[in-house]
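Residue strings, one per chain:
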Amino acid sequence: MTHFASLLICVGAFAALAMATERAQQDVLERTLSRDATRALRIIGWALLLASLAIVVGAQGWGLGLVSYSGHTSVAAGLVFLGLIARQRRKG
Amino acid sequence: MSAPDHSPHATPDAASGTGARVPPAPRGLRQTMSDLHIWTGLLLGWFLFAMFLTGTVSYFKEELSQWMRPEIAHQADQPEAAVVAGRIAKTLETVAPGTTQWSLRLPDERHPIANAFWRVPPKDGAKRAFKDANFDPQTGLKVAARETPGGEFFYRFHFQFHYMPVAWGRWLAGLAAMFMLVAIVSGVITHKKIFTDFFTFRWGKGQRSWLDAHNALSVFGLPFHLMITYTGLVTLMTLYMPWPEMAGIESPAMKRQLTSEMNAFLQPAKPSGEAAPLASIEAMVREAERRWGPGSVARVTAANPGDAAARVAIARGEGGRLSMSPQYLLFDGVSGRVVEEKQGVGAAAETRGVMYGLHLGRFGDGATRWLYFLVSLAGTAMVGTGLVMWTVKRRQKLADPERPHLGFRIVERLNIAAIAGLPLAMAAMLWANRLLPLDLARRGEWEIHVVFIVWALALAHGVLRPPRRAWIELFALGAAALALLPVLNALTTDRPLWRSLAQGDWAFAGVELVGLAFAALLAGLARRVARHRLKGARPGRARAIGTPARPAADTAAAVEGAR
């Protein structure tokens, strides 16, 4: 359960961080977001990453928690990456 | 990672601004690191690929072993560990009479069968000093299963290879790991825009796409890749750096103390020669579980059982704790009283224990193991894409693409044999496990020979066929071998996939399902390579007919531009 929650939050976090990049904004929205919106996305992304870390470490302790967290972030980043590619491909 | 051909950072520094004759621009740090990355990555890249792939599947070696011993029935629920230990200890009295030592691994969730090994008294005349057997936890009796190394083979291979002395293999693995470490660090320095390009993937841009993929695979798993490489070296550090031990450990007593910091293996002392029955093993395991919790005992080792000097060590398992450092209770084998309790080790030994534990990942639950597996697979792909990129980059610069130079051809063919050949060879082992006659002499060894025979054939295939065809055929063959595994299993055992699924036997079903997933992956790669060819050939149809088919626009390039 912790794994799932943390992974989900990490996916959200990386999605926000990805959308804070100009390239992803162009790909997904076909326009660039304002500087404030971009900064907000970046803050949300990092905050979610920290929240997920807190949840995992709270549930599993620092040792096991950090190991799990490192796995969640890696897999989540990979999922967002694949999502962006899929999106890019569907548009043609 | 990123290896720019013209690094903007390689601009001349001090000397150029003087107005005098401009000396050739000194190579910038990034360019130097890029070269280092490329060559350390390439030189032992094929070993690294093999180490990564076999290491990745080793996270499920218990499940593989279960699949490879289909005679051992799926155990829906396990009897109590203490009861099992007591039962098997009784059996061992008759199976291994007069032994000076036996060691019993208790069953757990992932390893449903107990196994024990014991020292054979020298008078037996047996060549091997140890014998081993599997025991049914329900009855405590010996069970027969086919002779197979099981998933253990992949695990051993990933750090000591095969057909060479163990020490050589481990040195080679250590060298490869050092190269990997250098490649990771130099790769990070070379990669200019880790954060800006974090999510960047440019589809269908040839070398650019390969680079983006290689970067993503590397960067997302970076904590893992660094950790696994470094801790991998730590697991064998006493082999690689024996000098501190040689300098500091002078007496046999100190040597024994060192050993006890590293593992819970109990060396038998001299027997007294006076017979005395072994106290209840069941009670000892219960005592250990009282301290560590139920299901925490992994191994029971008895030294001089049946002698008045008997000792029994009950060792704690790896579940739920990061460290691999030994924790055990030592009992007087006759009175059954605790004589020593090893609850922890010194700080240095514990550091090693934690790093060892991190590498093996045995502490984790199922989800953690899957995370290890997936990120490790990304690491495998990182090495694979890196190897292929070496050829992609150089193909464009070949003077005559029809006749690449020798170095290029060697790298290209070795890439085929490693990346497309190894999965096929590994699948071949599972086929051999089902198809080799059960009474074949040295059957277990033959399963391994099959791996290398198939791998050698894959190399030959890669050398003899045009590269593009070789990629497609080997990927397709690997996909077929894995996809047909459930069929093979249904025909050769009475445990077909649907029955395993119905019984909730996830270890058995999981091996076949993951095999299917890998089959899909390999088939996808084969298809990608094949389709790229079609696209490339379309404009020049006449030429394709008139002249011999363009040899080997080679997969690397094939996948590279595929859409």
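As shown above, the structure is provided for reference.
Within any chain, residue numbers begin from 1 and follow the written order of that chain's sequence. Lettering for chains starts from A, numbering for ligands starts from 1, and both go in the order in which the items are written. Given that this is a predicted model, residues contribute local features only at a pLDDT of at least 70 and side-chain atom pairs are listed and counted only at 80 or more, while totals for whole chains, interfaces and linings are drawn from all residues. Hydrogens and water molecules were not included; the side-chain quantities draw on all heavy atoms of the structure.

Some thoughts on the nonpolar core
In this structure, B:Phe49, B:Phe153, B:Tyr372 and B:Trp471 are the most contacted members of the largest nonpolar core, which totals 92 residues. In terms of residues, this core owes the most to one element, helix H15 (residues 406-435) of chain B, which gives 13 residues. The next biggest cluster of nonpolar side chains, apart from the first, holds 30 residues, and it includes A:Leu41, A:Leu53, B:Trp203 and B:Ala213. Nonpolar core, defined: a set of buried Ala, Val, Leu, Ile, Met, Phe, Trp, Tyr and Cys residues in which side-chain atoms within 4.5 Å join the residues together. Only protein chains enter the accessibility calculation, which uses a 1.4 Å probe; a residue is then buried when its area is under 20% of its type maximum, exposed when over 50%, and partly exposed in between. The secondary structure listing takes helices from DSSP runs of H or I that are at least 4 residues long and strands from runs of E that are at least 2 residues long, numbered from the N terminus.

Details of the sheet that holds strand E8 (residues 338-342) of chain B
All names here are of chain B. In this scheme, strands are said to pair when DSSP sees at least two bridges between them. Taken together, eight strands build an open sheet; the order of strands is E4-E3-E2-E1-E5-E6-E7-E8 and the sheet is antiparallel. In this open sheet, the two edge strands, each paired with only one partner strand, are strand E4 (142-143) and E8. Of the pairings in the sheet, the one linking strand E5 (residues 297-303) to strand E6 (residues 311-316) comprises six bridges and is antiparallel in character. Across the sheet, residue Ala-302 finds its bridge partner in E6, namely Val-312.

A word on the packing of aromatic side chains
Each Phe, Tyr or Trp ring (for Trp, its six-membered ring) is paired with any other whose centre lies within 6.5 Å, and the angle between the two planes then decides the class: stacked below 30 degrees, edge-to-face above 60, tilted in between. Under the counting rule described, the total for this entry stands at 30 aromatic pairs over all chains. Relative to B:Phe201, the ring of A:Phe81 lies with its centre 5.8 Å away and its plane at 85 degrees, an arrangement referred to as edge-to-face. Of this pair, A:Phe81 sits in helix H3 (residues 35-91) while B:Phe201 sits in the loop between helix H6 (166-190) and helix H7 (207-220), each in a different chain. Comparing A:Phe81 with B:Phe201 shows no difference in burial state: the two are buried. Aromatic rings pair up to connect B:Phe47, B:Phe153, B:Phe154, B:Phe157, B:Phe161, B:Tyr163, B:Phe452 and B:Trp455 into one cluster.

Section: the interface of chain B and chain A
It only takes one pair of heavy atoms within 4.5 Å for two residues to be counted as in contact. Counting from both sides, the interface comprises 24 residues of chain B and, opposite them, 22 residues of chain A. Summed over both partners, the accessible area lost on bringing two parts together, with a 1.4 Å probe, is the buried area. Both faces combined, the contact of chain B with chain A buries some 2000 Å², and carbon together with sulfur accounts for 74% of it. Interface area lost by chain B to chain A is led by B:Phe199, B:Phe220 and B:Leu371, which between them contribute 34%. The working definition used for a salt bridge is a side-chain nitrogen of Lys or Arg within 4 Å of a carboxyl oxygen of Asp or Glu. Put simply, chain B and chain A have zero salt bridges between them. Polar contacts, as used here, are pairs of N or O atoms within 3.5 Å; protein pairs need one atom able to donate a hydrogen and one able to accept it. Residues neighboring in sequence count only if both atoms are side-chain atoms. Here chain B and chain A share four residue pairs in polar contact (both at pLDDT 80 or more) between them. Looking at the side of chain B that touches chain A, the elements with two or more residues in it are H7 and helix H14 (366-395) of chain B. The nonpolar class holds Ala, Val, Leu, Ile, Met, Phe, Trp, Tyr, Cys and Pro. Asp, Glu, Lys and Arg form the charged class, and all remaining residues, Gly among them, are polar. When the residues that make up the side of chain B that touches chain A are grouped by side-chain class, the tally is 15 nonpolar, four polar and five charged.

Nothing here speaks to function; it is geometry throughout.
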